[in-house]
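Inside the fold
Chain by chain, the residues run as shown.
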Amino acid sequence: MAERAKPLTPEELEEQREYARKIRELTDRPHTYHIITYGCQMNAHDSEILAGMLGSMGLQEAERDEADLVIFNTCCVRDNAERRALGNVTWLNEIKKKRPSMKIGVCGCMIQEPGMAEKIMKQYRFVDLAFGTADLYRFPQILTEALNSSSTVIETGSPHRILEGLPVSRSRRESAYVSIMQGCDNFCTYCIVPYVRGRERSRNASEILEEIRHLQEDGVMEIMLLGQNVNSYRSQDGVTFPELLSMVDRTGIRRIRFMTSHPKDLLPELMEVMAGARHVLPQFHLPVQSGSNEILRRMNRQYTRETYLERVEQLRRAIPGIGLTTDMMVAFPGETESQFQETLSLTDEVGFDSAFTFVYSPRVGTAAARMENQIPPEEASRRIQALIALQERRQQEVMQRFLGTEEEVLVEGMSRRSHQQISGRGTHGLSVTFPGRAEQIGTICRVRITGVRNNTLVGRQTENEGAVS
Ligand code: SAH
Ligand code: SF4
Ligand code: F3S
């Protein structure tokens, strides 16, 4: 068995703090930074850690084209995510040509891919520093090296660690990410995440709870517990995810969300905890990927259509009205028309509140990329369009159940459509828009739902609770 991942030690943290202090004292250092983040919430949270470290080095945030240091925190889950990041890196070089003092950094999952470091060295020589997800905590040291070097500094291949004790600069005031576990051991055959994020490792419950208490003191109203598969959370002293969730509930933090859950290890204990909890929101993201047992088997998902549907049933029984969302994929290698139809029929049967739908994208090094019968792009495109059309129709239907009900909405910002409207997320996970003012951002409002517009609920405020007692 591979050696267990270790948390960062106080000495290692101190060493990095020392690098950060030294950078802060330099006069000819970068003074401003800008981070561009791609991919999932784990990456968004990593960017908050990067921002925290940059703050400790004395750098301030600035607009992209004006910043002294621009960092791309990349994703490689699908080919288009990777191409977009690399395209923007190339584009930024045009700005750097006009302002050669600008430093460009590239980090995140893509750098962790085999062969990517060499590609950066050869084709992206203007990049000043590149480092993978496992080297994130060593960023102050890597930046120090890059400031002293005229060629690209590339750091990959360190063992993945349990990240603990790093500074975090939160991007949102009222809502915060809390990472509970990192990495993934599932090896779904299409997925690159286990290769670029390393083996599963869970933080200790006591440290997670401590972090949440600090966030509470800071006025944070909502936390999102993060992990590639939160159901596999197991601390070194044996705390499981349902146990952790129940402890987090007892901290009294106003709203608790979590993602992502793998259907294969969604156990009744978790549903019981959710049903009895006071602060865990009635919403669940449960990626199904496909409605065909044969495709699920070849994806190595380790559940069947029937068990998935059964879990959905159980969830709906335990938490009536629960908001249910999913991820789905079409055109997995060898997917036949009738297997695709099974995904459509599952979509129809479940009635998800929303779904992220993807065309399968081959990732080098994964088992599915070596499978025969890759589906031609035109056919994949027809399938995704059919799936999106069905999901949009079903979504409109299932969202009607909220008409006339009241949602507690955590206001996130102004509506994109109108200056007299604000929008946020309701308890069931859906976005809700209603008339309001900028001062209400960051507060929780009670809203009566009066309509459904595309993927948004619309309504009117019944009472503003303002800050939580
Ligand atoms: N850990 C999470 C999801 C991680 S990636 C989980 O297991 O649910 C988010 C979504 O991207 C996946 O649910 C899947 O639908 C999609 N995805 C992952 N690899 C993909 C690939 N190679 N091609 C297309 N979509 C992919
Ligand atoms: Fe990828 Fe599967 Fe792990 Fe999710 S559970 S990150 S889809 S390997
Ligand atoms: Fe992308 Fe990495 Fe997340 S590959 S989806 S940013 S874990």
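Rules of the game
Residues numbered from 1 in each chain as written. Chains lettered and ligands numbered in written order. Predicted model: local features only at pLDDT ≥ 70, side-chain atom pairs only at ≥ 80, totals over all residues. Heavy atoms only, no water. Phe/Tyr/Trp six-rings, centres within 6.5 Å; stacked < 30°, edge-to-face > 60°. Helix = DSSP H or I, 4+ residues; strand = E, 2+ residues; numbered from the N terminus. Buried < 20%, exposed > 50% of the residue type's maximum accessible area, 1.4 Å probe, protein only. Lys NZ or Arg CZ within 6 Å of the ring centre and 35° of its normal. Near = heavy atom within 4 Å. Polar contact = N/O pair within 3.5 Å; in protein donor to acceptor, adjacent residues only side chain to side chain. Nonpolar A, V, L, I, M, F, W, Y, C, P; charged D, E, K, R; others polar. Axes fitted to C-alpha atoms, helices over the stretch in contact; angles between N-to-C directions. Parallel < 35°, antiparallel > 145°, perpendicular 65-115°, else oblique. Left-handed = near helix turned anticlockwise from the far one by under 90°. Contact = heavy atoms within 4.5 Å.

Following the criterion strictly, the structure yields 8 aromatic pairs and no others. Summarising the aromatic geometry, the rings of tyrosine 190 and phenylalanine 332 are spaced 6.4 Å apart at their centres and angled 85 degrees between planes, so their arrangement reads as edge-to-face. Residue tyrosine 190 is located in the loop between strand E8 (181–182) and helix H6 (193–197), and its partner phenylalanine 332 is located in the loop between strand E13 (323–330) and helix H12 (337–350); the two are separated by 142 residues in the primary sequence. Residues tyrosine 190 and phenylalanine 332 agree in their burial class; the two are buried. Each ring, one from tyrosine 303 and one from tyrosine 308, has its centre 6.1 Å from the other, and the planes form 35 degrees; the classification is tilted. On the accessibility criterion, tyrosine 308 (0% relative accessible area) is buried. Feature note: the residues Tyr190, Phe332 and Tyr360 constitute an aromatic cluster, connected by ring pairs. Positioned above the aromatic ring of phenylalanine 358, the side-chain terminus of arginine 78 is 3.6 Å from the ring centre. Above the ring of tyrosine 177, the side-chain terminus of arginine 172 is found at 4.7 Å from the ring centroid.

Around ligand 1 sit 15 residues in total, of which Gln228, Pro287, Gln289, Asp327 and Ser361 are the nearest. A distance of 2.6 Å separates an oxygen atom of ligand 1 from a polar side-chain atom of aspartate 327. Within the contact set of ligand 1, a nitrogen atom lies 2.8 Å away from a backbone nitrogen or oxygen of serine 361. For the shell around ligand 1, the secondary-structure elements that each account for two or more residues are E13 and strand E14 (354–359). Counted by class, the shell around ligand 1 contains 7 nonpolar, 4 polar and 4 charged residues.

As a further point, take the packing of helix H1 (residues 10–25) against helix H5 (residues 139–147). Here H1 crosses H5 at 40 degrees, and the two axes come no closer than 7 Å. In terms of orientation, H1 lies oblique with respect to H5. The two elements H1 and H5 meet at a crossing, and its hand is left-handed. Residues Gln16, Tyr19, Ala20 and Ile23 of H1 form the contact with H5, whose own contacting residues are Phe139, Pro140, Gln141, Leu143, Thr144 and Leu147. Tallied by class, residues from the contact of H1 with H5 come to 7 nonpolar, 3 polar and no charged.

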